[in-house]
Amino acid sequence: HADTAMYHAKSCGRDNCQFYSAALTQRAQQRLTLENNLRQALERGEFDLVYQPQIDVASGRIRSVEALIRWNHPAGGVIAPQDFIPLAEENGLIVPIGEWALRTAATDAARWQDGGRVCVAVNLSPVQLRAADLVPTLVDILRETGLAPGLLELEVTEGALMEEREATHATLEALLAGGVQLALDDFGTGYSSLGYLKRVPLSNLKIDQSFVHGLPHDRENLAIVRTILALAKNLGFRTTAEGVETAEQATTLAGIGCDALQGFYFSRPLPAGAIPALLQRRWRLDETDPGGG
Ligand code: C2E
Ligand code: MG
Ligand code: MG
Ligand code: MG
């Protein structure tokens, strides 16, 4: 921003300069306010998790639920993760916020186990993966909540796995040795080589929703999804398609061998209290109305 301001200072007239600097000040001010509010949000209990089912194609039942964070801002309504997670990653607040999400999701998931075996998937920022105490924190959380490690799945993105840091690999290995599962989120959207796929024992590869849109008519997306499924199968990873919104997408994905499906077609993300009832439910992928199942 400093560069932009300088550029304008040289090239524009006096009035314009005042305009730009006022706009910059306002943006900086808003950002500072957001940052201060974010700092207080944890203490004030303004975060919430909602959970979205991932449906196992073979059984039609929920295999796992993904925890998705929401911020109930006192003045701004519900704020979506993409509007505050990047800031929290920059200023390090993602570490305590992420720990809160892990503890809350594990507590909820431990409670659900009488209804049937269900995994909980929690998104993990690369910043959390780099933090020195992630492993002991998770060990504490699993002990406190009594959740079996195998029922916790951590979702990371390609970028996090690409980092050639010894410490990151050691952290991942310790987590996996403890039985925690690892999912690769938004697969296909990162700028990455495939080499890391052979080093990291993934339990689940999640196909990004941008490839699911337009199925089955979008021939390029169909080809990409088929290829990802073949790659995952050959490497022994389970697969989940994200962003499934229509019956056609669901049946197409089931037909070409995707193991699990997630998206608004099956369920929007829901409050924790709604999950136990859903664990009894069975979806039929060949019927037009999933509400009947
Ligand atoms: P993600 O992990 O890829 O999560 C999937 C996103 O797609 C969620 O958005 C979900 O609500 C949305 N979605 C699910 N089904 C559909 C569908 O059928 N159609 C469409 N258009 N969208 C669908 P959400 O909840 O806004 O989360 C956005 C991203 O924020 C997540 O992407 C994840 O990267 C991040 N995030 C969410 N919760 C956390 C968290 O606790 N910690 C961290 N570090 N990141 C989080
Ligand atoms: Mg995710
Ligand atoms: Mg995703
Ligand atoms: Mg995403």
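Our subject is the structure that appears above.
To start, this report covers the structure provided alongside it.

Under perfect tetrahedral coordination by four donors, a metal shows angles of 109.5 degrees; under perfect octahedral coordination by six donors, it shows angles of 90 or 180 degrees. Protein-derived ligands of the magnesium ion (ligand 2) are Glu-66 (OE), Asn-123 (OD1), Glu-155 (OE) and Asp-185 (OD), with the metal-ligand distances lying across 2.0 to 2.2 Å. When the donor residues of the magnesium ion (ligand 2) are listed from N- to C-terminus, their spacing reads E-x56-N-x31-E-x29-D. Here the magnesium ion (ligand 3) and the magnesium ion (ligand 2) are spaced 4.1 Å from one another, each receiving a donor from Asp-185. Placement of the pair is Glu-155 in strand 5 (residues 152-157) and Asp-185 in strand 6 (residues 181-187), with a sequence separation of 30 residues. By the burial criterion, Glu-155 is buried, and Asp-185 matches it.

The next subject is the packing of aromatic side chains. A complete count under the given rule lists seven aromatic pairs for this structure. An angle of 75° between the planes, with centres 5.5 Å apart, marks the rings of Trp-71 and Phe-84 as edge-to-face. Taken together, the residues span a long stretch of sequence, with Trp-71 in strand 2 (residues 62-73) and Phe-84 in the loop between strand 3 (77-79) and helix 3 (85-91) at a distance of 13 residues. In this structure Phe-84 comes out as buried when scored by relative accessible area, which is 0%. When the ring of Phe-266 is compared with that of Trp-283, the centres are 6.5 Å apart and the planes differ by 75°; the resulting orientation is edge-to-face. Residue Phe-266 is located in the loop between strand 9 (260-261) and strand 10 (270-271), and its partner Trp-283 is located in the segment after helix 12 (275-278); the two are separated by 17 residues in the primary sequence. Using a relative accessible area of 2% as the deciding quantity, one classes Trp-283 as buried. Linked through ring pairs, Phe-47, Trp-71, Phe-84 and Trp-100 together constitute an aromatic cluster. The ring centre of Phe-264 lies 3.8 Å from the NZ or CZ of Arg-268, which sits over that ring.

As for its placement among the helices and strands, Gln-249 is situated in helix 11 (residues 247-255). Here Glu-245 takes part through its backbone nitrogen, which lies 2.7 Å from a polar atom of the side chain of Gln-249. With near-sequence residues (within four places) excluded, Gln-249 lies in contact with Val-212, His-213, Gly-214, Leu-215, Gly-243 and Val-244.

A word on the site of ligand 1. Close to ligand 1 lie 23 residues; Arg-70, Asn-123, Asp-185, Glu-245 and Phe-264 are nearest. Residue Asn-123 places a side-chain N or O atom 2.9 Å away from an oxygen atom belonging to ligand 1. With the chains in place, 82% of the 800 Å² that ligand 1 exposes on its own is no longer accessible. Those elements that place two or more of their residues in the shell around ligand 1 are strand 2, helix 4 (94-112) and strand 6. When residues in the shell around ligand 1 are grouped by element, the largest group, four residues, is from strand 2.

Take the pattern of salt bridges next. All chains considered together, the criterion is met by 10 salt bridges. A salt bridge links Glu-99 to Arg-103; the shortest N-O distance between them is 3.3 Å. With Glu-99 and Arg-103 both in helix 4 and four residues apart, this pair spans about one turn of that helix. For Arg-103, a relative accessible area of 28% gives the class partly exposed. The closest approach of N and O atoms between Asp-108 and Arg-111, which form a salt bridge, is 3.3 Å. In this pair, Asp-108 and Arg-111 both sit in helix 4, three residues apart, roughly one turn of the helix. What makes Arg-111 exposed here is its relative accessible area of 56%.

For the pair helix 4 and helix 6 (residues 134-145), interaxial distance at closest approach is 9 Å and the crossing angle is 30°. Comparing the axis directions of helix 4 and helix 6 gives the class roughly parallel. The crossing of helix 4 and helix 6 is right-handed. Residues Glu-99, Leu-102, Arg-103, Ala-106, Thr-107 and Ala-110 of helix 4 form the contact with helix 6, whose own contacting residues are Leu-134, Thr-137, Leu-138, Ile-141, Glu-144 and Thr-145. Of the residues that constitute the contact of helix 4 with helix 6, the class distribution is six nonpolar, three polar and three charged.

Attention shifts here to the side chain of Lys-206. The topology assignment puts Lys-206 in strand 7 (residues 204-207). The class of Lys-206 is buried, set by a relative accessible area of 0%. Polar contacts involving the side chain of Lys-206 include one to the side chain of Glu-66, which spans 2.9 Å. Apart from residues no more than four positions distant in its own chain, Lys-206 is found in contact with Gln-54, Glu-66, Glu-155, Leu-184, Asp-185, Asp-186, Phe-187, Thr-240, Glu-242 and Gln-262.

Rules of the game
- Residues numbered from 1 in each chain as written.
- Chains lettered and ligands numbered in written order.
- Predicted model: local features only at pLDDT ≥ 70, side-chain atom pairs only at ≥ 80, totals over all residues.
- Heavy atoms only, no water.
- Donors = N, O, S within 2.8 Å, 3.2 Å for Na, K, Ca; no water.
- Helix = DSSP H or I, 4+ residues; strand = E, 2+ residues; numbered from the N terminus.
- Buried < 20%, exposed > 50% of the residue type's maximum accessible area, 1.4 Å probe, protein only.
- Phe/Tyr/Trp six-rings, centres within 6.5 Å; stacked < 30°, edge-to-face > 60°.
- Lys NZ or Arg CZ within 6 Å of the ring centre and 35° of its normal.
- Polar contact = N/O pair within 3.5 Å; in protein donor to acceptor, adjacent residues only side chain to side chain.
- Contact = heavy atoms within 4.5 Å.
- Near = heavy atom within 4 Å.
- Areas by Shrake-Rupley, 256 points an atom, 1.4 Å probe, with all protein chains shown as cover.
- Salt bridge = Lys/Arg side-chain N within 4 Å of Asp/Glu carboxyl O.
- Axes fitted to C-alpha atoms, helices over the stretch in contact; angles between N-to-C directions.
- Parallel < 35°, antiparallel > 145°, perpendicular 65-115°, else oblique.
- Left-handed = near helix turned anticlockwise from the far one by under 90°.
- Nonpolar A, V, L, I, M, F, W, Y, C, P; charged D, E, K, R; others polar.

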